[in-house]
Amino acid sequence: MNDTLTYDSVMTVRGLNLFYGEAQALFNIDMDIPKHQVTALIGPSGCGKSTFLRCLNRMNDLLGNVSLNGTIELEGGVNIYDKHQDPIQLRRQVGMIFQKSNPFPKSIYENVIYGLRIAGENHKAKLDEVVELSLKRAALWDEVKDRLDQTALGLSGGQMQRLCIARAVAVGPEILLMDEPCSALDPKSTAKIEDLIMELRGNYTIVIVTHNMQQASRVSDYTGFFYEGKLIEFDETQTIFTKPTNQQTEDYITGRFG
């Protein structure tokens, strides 16, 4: 990590090691995640970037045989792996958008408010307000406002992914994690998601895993390069792509491997 970087961080990772059984997948990761910025995680397949992303809202807890040590703290010094920390509440605060869109077989309206329903919110005026605001934030309102009661499964792939972003936004998160959110989309839908990321950055902290280096350079403010489970370099995106300090980073950026 570049020690000369100065910014407000929303999450601090120190000495993070993760194991799948006996096999170590992440090695001594240190990273400060910049607040209200977009951070891209890049690196070849299997380098640990998605595994690291899933550590940030404890999604790896849902897998068997995973152990880790080190600390991940939110602002205020709250350790997200503290035994008193509720992972469900954490995932409201740190939302996730997956590689493959996963709308529920419900109406568009019910998809957006799913998290609020679980939390016990049933006031219709409040729910209506959240649906409209969330769909607008996900740049989807104008396309679906006249069919909110129709199934979400009738949407296009790009619309489904934006619906999943609306669903994540609806519960009021601080951080949005995106695991290759455009990898299954066509170029037009990808452009819409990228535009959306740029719009959301002022209200949310976004961490995106992407295999597309052009995408990383377009949408992110900071970039971390992972290789074989290690964070090789973390810096402002412009620096990573124009004058990286590590030879491995330069070799990957210039296409010599990966």
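Residues numbered from 1 in each chain as written. Predicted model: local features only at pLDDT ≥ 70, side-chain atom pairs only at ≥ 80, totals over all residues. Heavy atoms only, no water.

Per an unreviewed UniProt entry, the chain is named Phosphate ABC transporter ATP-binding protein.

A word on the state of the cysteines. Applying the stated criterion across every chain, the model contains 0 disulfides. No disulfide involves Cys-47; its nearest neighbouring cysteine sulfur is the one of Cys-55, lying 13 Å away. No disulfide involves Cys-182; its sulfur sits 13 Å from that of Cys-164, the nearest cysteine. (Disulfide = S-S within 2.5 Å.)

Strand order in the open sheet made by the 4 strands is E2-E1-E4-E5, with antiparallel pairing throughout. The open sheet has two edge strands with one neighbour each: strand E2 (23–34) and strand E5 (78–79). As paired elements, strand E1 (residues 9–20) and strand E4 (residues 66–74) share 8 bridges and run antiparallel to each other. Bridge pairing in E4 places Leu-18 opposite Leu-68. (Pairing = 2+ DSSP bridges. Helix = DSSP H or I, 4+ residues; strand = E, 2+ residues; numbered from the N terminus.)

A word on the pattern of salt bridges. Pairing between side chains becomes possible if they bear opposite charge and their charged atoms approach one another. In the structure shown here, the tally under the stated rule is 12 salt bridges. Residues Glu-143 and Lys-192 are paired through a salt bridge, measuring 3.7 Å at the closest nitrogen-oxygen approach. With Glu-143 in helix H6 (residues 141–144) and Lys-192 in helix H8 (residues 187–200), the pair connects residues that are 49 residues apart, well separated along the chain. The closest approach of N and O atoms between Arg-218 and Glu-194, which form a salt bridge, is 2.7 Å. Here Arg-218 is found in helix H9 (residues 213–219), whereas its partner Glu-194 is found in helix H8, with 24 residues between them in sequence. Exposure remark for Glu-194: the relative accessible area of 8% places this residue in the buried category. Among the ionic contacts, a cluster of salt bridges with common partners joins Glu-143, Arg-162 and Lys-192. (Salt bridge = Lys/Arg side-chain N within 4 Å of Asp/Glu carboxyl O. Buried < 20%, exposed > 50% of the residue type's maximum accessible area, 1.4 Å probe, protein only.)

Taken across its 5 residues, strand E7 (residues 175–179) has 5 buried, putting it largely inside the fold. In E7, alternate side chains face the same way, and those of Ile-175, Leu-177 and Asp-179 on one face and Leu-176 and Met-178 on the other are all buried. Pairing of strand E6 (residues 94–97) with E7, which is carried by 4 bridges, proceeds in the parallel orientation. Opposite Gly-95, over in E7, you have Leu-176 as the bridge partner.

Further remarks concern the packing of aromatic side chains. Inspection of every chain in the model, using the stated rule, returns 6 aromatic pairs. When the ring of Phe-104 is compared with that of Tyr-114, the centres are 4.4 Å apart and the planes differ by 45 degrees; the resulting orientation is tilted. Placement of Phe-104 in the loop between E6 and helix H3 (108–112) and of Tyr-114 in helix H4 (residues 114–118) is noted, with a sequence separation of 10 residues between them. Residue Phe-104 is classed as partly exposed on the basis of its relative accessible area, which comes to 24%. A relative accessible area of 32% means that Tyr-114 is categorised as partly exposed. By the ring-pair criterion, three or more aromatic residues cluster together here, those being Tyr-7, Tyr-222 and Phe-234. (Phe/Tyr/Trp six-rings, centres within 6.5 Å; stacked < 30°, edge-to-face > 60°.)

The strand order across the open sheet formed by 6 strands is E6-E7-E8-E3-E9-E10, and the pairing between neighbours is mixed. Looking along the sheet, the strands with just one partner apiece sit at the ends: E6 and strand E10 (230–236). Ignoring strand direction, the axes of neighbouring strands in this sheet form an average angle of 20 degrees. Of the strand pairs in this sheet, strand E3 (residues 38–42) and strand E9 (residues 222–227) are connected by 4 bridges, and their pairing is parallel. Paired with Ala-40 across the two strands is Thr-223, which belongs to E9. (Axes fitted to C-alpha atoms, helices over the stretch in contact; angles between N-to-C directions.)

Between two packed helices, the angle of one axis relative to the other and the distance separating the axes together describe the packing. The geometry of helix H5 (residues 124–137) relative to helix H7 (residues 157–170) is characterised by a closest axis approach of 8 Å and an angle of 130 degrees between their N-to-C directions. When the axes of H5 and H7 are compared, the pair comes out oblique. Two packed elements cross with a definite hand, and for H5 against H7 that hand is right-handed. Contacts between H5 and H7 involve Val-130, Ser-134, Leu-135 and Arg-137 from the former and Leu-163, Ala-166, Val-169 and Ala-170 from the latter. Considering only residue class, the contact of H5 with H7 consists of 6 nonpolar, 1 polar and 1 charged. (Parallel < 35°, antiparallel > 145°, perpendicular 65-115°, else oblique. Left-handed = near helix turned anticlockwise from the far one by under 90°. Contact = heavy atoms within 4.5 Å. Nonpolar A, V, L, I, M, F, W, Y, C, P; charged D, E, K, R; others polar.)

Following the sequence through the fold, Arg-54 ends up in helix H1 (residues 49–55). Between the alpha carbons of Arg-54 and Ile-175 there is a distance of 13 Å; along the sequence they are 121 residues apart. Setting aside anything within four residues of it in sequence, one finds Arg-54 in contact with Tyr-20, Met-59, Asn-60, Met-96 and Asp-179.

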